[in-house]
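Given next are the chains, with one letter for each unit.
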Amino acid sequence: MIILQEFYPENTLKLGSVSPWIAILMLVIAYIGSIFVTLFFMMLLPGKYALYISAILGEALLGIIPLIYVASQKIDYVEYLRIKIGPKAIILGIIFGIVMWLLGVVLVNLIYTFIGPSKALEQTNEAIAQLSQDQIGLIIMGIAMLSAGIFEEIALRGIIFRSLDEKYNFVIALFLSSLIFGFLHFDPQGIYIFITFIFGLLLGYLYKRYQNLTITILAHATNNLISLFLLALLT
């Protein structure tokens, strides 16, 4: 108990208990639900409008369903997630987001040089570029990229990483949460999975180091938004 209190000094041990395995199950349910949301809106609406809505709602589900589980445990989820907004958190989040984007550029170039391109990653970039061709599309995709930063961090770092860290240890929590993060960005070639796994390691470390989900949310969102706007400019 003393050791845990050193890592979590805000009396969060009194908040209740979150099972990492139930949290992971909730994320799996949310992921399957996001697929059904996409299929539903593709049947209901024409073309890109279905993709706009499903992109935002799908990301929201990834965070909301695990968050409902945490709330059901009568836990103060804002305190549990460690959402602390302040100038330092905002500046650090943006800086680490730029670092994360630069790391991604290095990893992609190294992998493409020695292994070859990822078809899944190229198809994803092409789809995002097509959906961002006009101002409205760019704004909507910007909201989707921001939503990914918010809701994926809530699920992966705020809930799954933390609950694994409390139940087991930092290494297990970092590896498993990053692995899950990688497989959320599935690629049959494994390239995109590997890149996002590395991103997960960085984000997990930042969350543990600073004890603040705001930093990882902003880092994740900044990386996404830089990639989006460069895709839009280059295409």
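Here the structure is shown first, and the text comes after it.
Now for a quick tour of the structure. (Residues numbered from 1 in each chain as written. Predicted model: local features only at pLDDT ≥ 70, side-chain atom pairs only at ≥ 80, totals over all residues. Heavy atoms only, no water.)

**Thoughts on the pattern of salt bridges**
By the definition in use, this model includes four salt bridges. Linking Arg157 and Glu153 is a salt bridge whose minimum nitrogen-to-oxygen distance equals 2.6 Å. Of this pair, Arg157 and Glu153 both sit in helix α7 (residues 135–167), separated by four residues, roughly a single helical turn. As a salt-bridge pair, Asp165 and Lys208 come within 2.7 Å of each other at their nearest N and O atoms. Pair noted here: Asp165 is in helix α7 and Lys208 is in helix α9 (residues 191–210), with a separation of 43 residues, a long-range link. (Salt bridge = Lys/Arg side-chain N within 4 Å of Asp/Glu carboxyl O. Helix = DSSP H or I, 4+ residues; strand = E, 2+ residues; numbered from the N terminus.)

**With respect to the packing of aromatic side chains**
Across all of its chains, the model carries seven aromatic pairs by this definition. Ring centres of Tyr49 and Tyr52 lie 6.3 Å apart, and the angle between their planes is 80°; this geometry places the pair in the edge-to-face category. In this pair, Tyr49 and Tyr52 both sit in helix α3 (residues 47–72), three residues apart, roughly one turn of the helix. On the basis of relative accessible area, Tyr52 is assigned to the buried category, the value being 5%. Arranged with centres 5.8 Å apart and planes meeting at 75°, the rings of Phe175 and Phe197 form a pair that is edge-to-face. Here Phe175, found in helix α8 (residues 170–184), pairs with Phe197, found in helix α9; they are 22 residues apart in sequence, far enough to count as distant. A residue is classified by how much of its surface remains accessible, and Phe175, at 44% relative accessible area, is partly exposed. (Phe/Tyr/Trp six-rings, centres within 6.5 Å; stacked < 30°, edge-to-face > 60°. Buried < 20%, exposed > 50% of the residue type's maximum accessible area, 1.4 Å probe, protein only.)

**A word on helix α6 (residues 119–131)**
Taking 1.5 Å per residue as the helical rise, α6 with its 13 residues ought to reach 18 Å, and the 18 Å between its terminal C-alpha atoms agrees with that figure. When α6 is considered as a whole, its buried residues turn out to be Ala120, Leu121, Ile128, Ala129 and Leu131. Buried residues of α6, viewed axially, fall in a sector of 170°; they line one side. In this structure, α6 carries Lys119, Gln123 and Gln130 as exposed residues pointing more than 90 degrees from its buried face. Packed against the buried residues of α6 are α3, α5 (87–114), α7, α9 and α10 (213–234). (Expected span 1.5 Å × (residues − 1). Arc of directions from axis to C-beta. Contact = heavy atoms within 4.5 Å.)

**Side note on the packing of helix α2 (residues 20–44) against α3**
Running from N to C, α2 and α3 cross one another at 160°; their axes reach a closest spacing of 8 Å. In terms of orientation, α2 and α3 fall into the roughly antiparallel class. Along this stretch, α2 crosses α3, giving a crossing that reads as right-handed. Contacts between α2 and α3 involve Ile22, Ala23, Met26, Leu27, Ala30, Tyr31, Gly33, Ser34, Val37, Thr38, Phe41 and Met42 on the former and, on the latter, Ala50, Leu51, Ile53, Ser54, Leu57, Gly58, Leu61, Leu62, Ile65, Pro66 and Tyr69. Residue composition of the contact of α2 with α3, by class: 18 nonpolar, five polar and no charged. (Axes fitted to C-alpha atoms, helices over the stretch in contact; angles between N-to-C directions. Parallel < 35°, antiparallel > 145°, perpendicular 65-115°, else oblique. Left-handed = near helix turned anticlockwise from the far one by under 90°. Nonpolar A, V, L, I, M, F, W, Y, C, P; charged D, E, K, R; others polar.)

Everything listed here is a matter of geometry and, on its own, says nothing about what the molecule does.
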